[in-house]
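Examination of the molecular architecture
If you want the building blocks of each chain, they are given just below.
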Amino acid sequence: MSSKYAGYMGKVMMVDLSTEAISEYPWSDEQRELYLGGKIMAARILCDHLTGKETAFSEENWVVISTGPLTGTGAPSSARFNISALSPQTGILASSNCGGSFGFHLKKAGYDALILKGKCQGRKWLEINEDQFIFHDCNDLWGTRVSQCQEMLTQLVGKKKFGKLCIGPAGENLVKYAAVISDERAAGRTGMGAVLGWKGLKAITVTGNKTVPIYDKEKTSAWCKKWFAYLQKHPLTGNQLPKVGTAGLVSSMQMRGLLSTKNYSAGQYEHFEDVSGERLAEEFNITNKGCLTCPIRCARTVKVHGKTVKGPELETLGLLGGNICNNDLQKILDWNEQLDDLGMDTISTANTIAWAMEANEKGLWDNGLHFGQLDELSDVFEDIAHRRGIGNELAEGSKRLSQKYGGKEFAMHSKGLELAAYEPRRAVGQGLGYAVSNRGGCHLNGGYLVILEGLGLNVDAQTPKAKADFTMLFQDLMETISASGQCLFTSYAFFPAFLLTKPNGIITQTVNMAAPHVGGAVRLINKCPRVAALHLPVFHHTKMIKLATGMYMDFGKYIQIGERGYTMERYINCKFGISSANDKLPKRLTDVPQDPNEPKTKIPLETMKKTYYAARGWDKNGIPTEATLRRLKIK
Ligand code: SF4
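Residues numbered from 1 in each chain as written. Predicted model: local features only at pLDDT ≥ 70, side-chain atom pairs only at ≥ 80, totals over all residues. Heavy atoms only, no water.

Before going further, it helps to spend a moment on the environment of Gly 391. With respect to the secondary-structure elements, Gly 391 resides in helix H15 (residues 390-394). Counting along the chain gives 11 residues from Gly 391 to Val 380, while the straight-line C-alpha distance between them is 6.2 Å. Dropping the residues within four chain positions of it, Gly 391 is found in contact with Asp 383 and Ile 384. (Helix = DSSP H or I, 4+ residues; strand = E, 2+ residues; numbered from the N terminus. Contact = heavy atoms within 4.5 Å.)

Residues separated by three or four positions in an α-helix point in the same direction, a consequence of the helix having 3.6 residues per turn. For helix H23 (residues 555-575), built from 21 residues, the straight-helix expectation of 30 Å at 1.5 Å per residue is met to within 8% by its first-to-last C-alpha distance of 31 Å. Where H23 begins, one side-chain oxygen reaches toward the backbone nitrogen of Gly 556, 3.0 Å away; that side chain belongs to Asp 554. Looking one or two places after H23, you find Gly 577, whose phi comes out positive at around 90°. (Expected span 1.5 Å × (residues − 1). Polar contact = N/O pair within 3.5 Å; in protein donor to acceptor, adjacent residues only side chain to side chain.)

Moving on to empty space enclosed by the protein. Going through the model one piece at a time under the given rule, you end up with four cavities of 30 Å³ or more. By volume, the second largest cavity amounts to about 130 Å³. Along the walls of the second largest cavity sit Gly 447, Tyr 448, Ile 451, Phe 474, Leu 477, Met 478, Ile 481, Ser 491, Tyr 492, Phe 494, Phe 495 and Phe 539, which together make up its complete lining. Of the residues belonging to the lining of the second largest cavity, the class tally is 10 nonpolar, two polar and no charged. (1 Å grid on protein atoms, 1.4 Å probe; cavity = no way out; pocket = protein on both sides within 12 Å on 5 of 7 lines; lining within 4 Å. Points joined across faces, edges and corners; volume = space filled by probe spheres on them. Nonpolar A, V, L, I, M, F, W, Y, C, P; charged D, E, K, R; others polar.)

Attention shifts here to the sheet that holds strand S3 (residues 63-66). In spatial order, the strands read S2-S1-S6-S3-S4-S5; together these six strands make up an open sheet with mixed pairing. At either end of the open sheet lies a strand with only one pairing partner, and these are strand S2 (21-25) and strand S5 (93-98). Ignoring strand direction, the axes of neighbouring strands in this sheet form an average angle of 20°. Examined bridge by bridge, strand S1 (residues 12-16) and strand S6 (residues 113-117) share five bridges and lie parallel to one another. (Pairing = 2+ DSSP bridges. Axes fitted to C-alpha atoms, helices over the stretch in contact; angles between N-to-C directions.)

Attention now moves to the site of the ligand. Taken together, Ser 77, Arg 80, Arg 185, Gly 290, Cys 291, Cys 294, Ile 296, Arg 297, Cys 298, Cys 487 and Phe 489 make up the full set of residues near the ligand. Here the shell around the ligand is composed, by residue class, of six nonpolar, two polar and three charged. When residues of the shell around the ligand are sorted by domain, at least three fall in each of domain 1 (12-207) and domain 2 (247-418). (Near = heavy atom within 4 Å. Domains from an automatic or database assignment.)

One can read the domain layout of the chain as domain 1 (12-207), domain 2 (247-418) and domain 3 (427-631). Placing a centre on the C-alpha atoms of domain 1 and another on those of domain 2 gives a separation of 26 Å. Of the roughly 2,800 Å² buried where domain 1 meets domain 2, counting both sides, 50% is carbon and sulfur surface. In this assembly, domain 1 and domain 2 are joined by six salt bridges. Between Glu 313 and Arg 185 there is a salt bridge, with the nearest N and O atoms lying 4.0 Å from each other. Elements supplying a minimum of two residues to the side of domain 1 that touches domain 2: helix H4 (146-157) and helix H5 (169-172). Per-element accounting of the side of domain 1 that touches domain 2 gives the leading share, three residues, to H5. The residue makeup of the side of domain 1 that touches domain 2, split by class, is 15 nonpolar, 14 polar and six charged. (Buried area = accessible area lost by both parts, 1.4 Å probe. Salt bridge = Lys/Arg side-chain N within 4 Å of Asp/Glu carboxyl O.)

Below, the structure written as structure tokens:
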């Protein structure tokens, strides 16, 4: 079904893995207007399909791999693609976003999205070359680690440039938090690798020579140039991220008491400097690297045993550092590479290990794991990926383990997905985000309010005031950025540079002081997108869509698309029984102050949830009301 809008290739393909039949899935311009692409498009497709009875490991669990209209247009940081399906970790809707080049090549082959249904007869890999969809037996590929698999795919496809994604041993063995890897990037969270493993699909490759249409080439190119320059000048996207990557946040988080330490029992790690981004940059970093068309280039390359490999992100440094009482950076580099090669999410793996160490310390589960004793950990990772010994149990994640052995109050997950490295008792808005996030304990899907609460601005981190409204706004913004095919890091430049470079300036201080009192104004923007029917000078995204696709766009419409996506994902989750009772955090975060002398250093979750549900037009049980579903054209 072709599109009147540029940016799209106009085709969504249904791939039946059981019969190997290929057909086109109808997707109209009206749907493109309402859902844009990426994760929101996937949510619409899955909302129409899922009834609430399906499970992650079932033929009915469709996997939607989708791009956005900006993927392949040259827009900054626009080579992202999304994978959505039911998660084996949470049992509810998952979406996992990935860089690499797969999304770009999928569009070059002529497709905006693929839907995988059914299950392969045996084990397969799928080769897509424009209109050819070829299923290959993969007896040689099955069992390989990610790096080996990708090398073999290069030989098999016989081209230098092509899109590829694959799973490693963890996905094959249904580790609940197995990742999908594309080039060096990971769709790490929510266990999408295990879903592909259950379906018997080891890899997909894609090639094509089509061109992504652009509505106004000249103006698009001029806007891209302007935006690239803006990002490169901005202190976060032009300085901090290119220089030290997300790893640079370790030190800032330490200062703020936000660095998860010893399974989130504290927010500061005494040896943080040993595992900081600064040390990584000084002693191990070779250069920074980026996804296609990305001026930010936040990725690190490091040398591990003479080999140049991807360096660790902040989450990996924090969770495989202080959170398990490790101050050996070389070990983190080794493990980071190992986990990627096994196809396993570093966040959930590390969190599960930290829970197991504490469970052992407390005498709940005699598993041989101890904080700070790390020599055997590499073997444990192999055991998890291959489901051997205690690895077989650890492969289930911290939620299931705590249900079996006890210790739920320190199992650091929400809805089954382990939290990122931000200890939220010193950033309560981030705590709310973790709890209500549609995919479980995710900092980004939660709205990333920590950027207001100490990591960018310096808004009172302990007050619940206005946090619900800001959370909704940031969630919706990021939802649409992702749906357009762009990286969420482009949103960092939303904050004018002077607010970050002059933290003690009068304007910055006024903004920090005023923020808790502007919840009403933020809610007005959230509720009445027409009041924001404009393009903001600090937010280049809206004009980019207009110029590249020809679709009308303004800031108000943009955030309403995000709201529609977010509420639709919630609506799907409600079909699977999600309500307010599931929007929760472990008691360690809600009942125990991080500092016993500061009673406010815990998360007033229930208070913030009430405001959040009201802001979103969900009822007091966290269920979207009929009126909200109709207003957003979800029903
Ligand atoms: S900012 Fe980093 S993750 Fe995002 S597109 Fe650029 S290199 Fe990739």
